[in-house]
Amino acid sequence: MTTQSNSNCPLCKDSGGDLIYKANKYRVIWADEALYPGFLRVIWNDHVREFSDLSDEDQTLLMKVVVKLERFVLNDMQADKSNVATLGNVVPHLHWHVIPRFTDDAHFPAPVWGAAKQGGGLSSRQKLILTDKDMLIQRLAKLLGGN
Ligand SMILES: [Zn+2]
């Protein structure tokens, strides 16, 4: 396997958050987003810019991980909705966001990247994710490792 990296890229230099699982081609991190506990990212290990740059096989591999994370967000974090996105406008290194959304979170129903609702903070169900963080991370690592 050839390893592509870019010395100016933060996702090539650093894991990008609390590392939950590292596979040969990708890693899963627990992002530390203040208004979004449980915000997950799947980061491709190689410095690849676009999803379409991956081979068919790697696209499938990555989407299967995203689906696992989505199910985890819905079933284990008890989110009302999952939001799945890849942007890469700020850091053009392929990664997917999987975000647990709650109807009473700070932005719902808008995307998490806009301006928060007035007085928007953590909902009680989001606080539960923080309380259960260690248990959730253990469970997720097990889920991913059991592939
Ligand atoms: Zn990179």
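Refer to the structure presented above.
Residues numbered from 1 in each chain as written. Predicted model: local features only at pLDDT ≥ 70, side-chain atom pairs only at ≥ 80, totals over all residues.

Student: Please clarify how the overall build of the protein should be interpreted in this entry.
Tutor: Broken down by element type, the protein carries four helices and five strands. Moving toward the C terminus, one meets the helices and strands of the protein in the order α-β-β-β-α-β-β-α-α. The C-alpha radius of gyration of the protein comes to 15 Å, within 12% of the 15 Å expected for a compact globule of 147 residues. With the principal axes as the frame, the protein shows a C-alpha extent of 45 × 35 × 25 Å. (Helix = DSSP H or I, 4+ residues; strand = E, 2+ residues; numbered from the N terminus. Rg over C-alpha atoms; globule rule 2.2 N^0.38 Å.)

Student: Teacher, can you tell me more about the sheet that holds strand β2 (residues 26-30) here?
Tutor: Sheet strands line up and pair through hydrogen bonds in the backbone, either parallel or antiparallel. Ordered in space as β1-β2-β3-β5-β4, the five strands form an open sheet in which the pairing is antiparallel. Unpaired on one side and paired on the other, β1 (18-22) and β4 (81-85) mark the two borders of the sheet. Within the sheet, the average angular offset between the axes of one strand and its neighbour, ignoring direction, is 20°. As judged from the four bridges shared by strand β3 (residues 40-44) and strand β5 (residues 95-101), these two strands associate in the antiparallel manner. Bridge pairing in β5 links Leu40 to Val98. Packing of helix α4 (residues 133-145) onto the sheet brings it into contact with β1 and β2, and relative to β1 it is tilted by some 25°. (Pairing = 2+ DSSP bridges. Axes fitted to C-alpha atoms, helices over the stretch in contact; angles between N-to-C directions. Contact = placed C-beta atoms within 7 Å.)

Student: Please clarify how the pairing of β1 should be interpreted in this entry.
Tutor: Bridging between β1 and β2 involves four bridges; their strand directions are antiparallel. From the neighbouring strand, Leu19 faces β2, where its bridge partner is Ile29.

Student: I tried to follow unusual backbone geometry on my own but got confused; where do I start?
Tutor: As a rule of thumb, non-glycine residues mostly have phi less than zero, and peptide bonds are mostly trans rather than cis. Cis geometry marks the peptide bond from Phe108 to Pro109, where omega comes out at 0°. Positionally, Pro109 belongs in the loop between β5 and α3 (124-131).

Student: What is the right way to read the pairing of β2 from this model?
Tutor: Side-chain positions along a regular strand alternate between the two faces of the sheet. Burial analysis of β2 places four of its five residues in the buried class, which makes it a mostly covered element. Connecting β1 to the next strand, β2, in antiparallel fashion are three residues. Relative to β3, β2 runs antiparallel, the two being bridged by five bridges. From the neighbouring strand, Val28 faces β3, where its bridge partner is Val42. (Buried ≥ 20, exposed ≤ 12 C-beta atoms within 10 Å, placed from the backbone.)

Student: Can you help me understand the environment of Leu128 in this one?
Tutor: Residue placement: Leu128 occurs in helix α3. Residues Leu128 and His93, spaced 35 residues apart in sequence, show a C-alpha to C-alpha distance of 31 Å.

Student: Could you clarify how one ought to interpret helix α2 (residues 56-75) in this entry?
Tutor: An α-helical turn contains 3.6 residues, so a residue and the one three or four places further along point in the same direction. Helix length check: α2, at 20 residues, gives a terminal C-alpha distance of 28 Å against a target of 28 Å (1.5 Å per residue), a fit within 8%. Within the span of α2, buried status applies to Leu62, Val65, Leu69, Phe72 and Val73. Along α2, the residues classed as buried sweep out an arc of 100° about the axis, all on the same side. Exposed side of α2, more than 90 degrees from the buried face: Asp56, Glu57, Thr60, Lys64 and Asn75 are the residues found there. (Expected span 1.5 Å × (residues − 1). Arc of directions from axis to C-beta.)

Student: Would you take a moment to explain the nonpolar core for this structure?
Tutor: In globular proteins that are soluble, nonpolar side chains generally tend to be buried together. Formed by 27 residues in total, the largest nonpolar core has its most connected members in Val28, Val42 and Leu69. Looking at this core, the elements that each hand over two or more residues are β2, β3, α2, β5 and α4. Setting aside residues no more than four positions away along its own chain, Val42 makes contact with Tyr26, Val28, Leu62, Val65, Val66, Leu69, His95 and Trp96. (Core = buried A, V, L, I, M, F, W, Y, C linked by C-beta atoms within 7 Å.)

Student: Got a minute to help me understand the environment of Ala106 in this structure?
Tutor: Within the element layout of this structure, Ala106 appears in the loop between β5 and α3. C-alpha of Ala106 to C-alpha of Gln118: the two residues are twelve residues apart in sequence and 8.1 Å apart in space. Look past the residues within four positions of Ala106 in its chain and what remains in contact with it is Leu35, Ala116, Lys117, Gly120 and Gly121.

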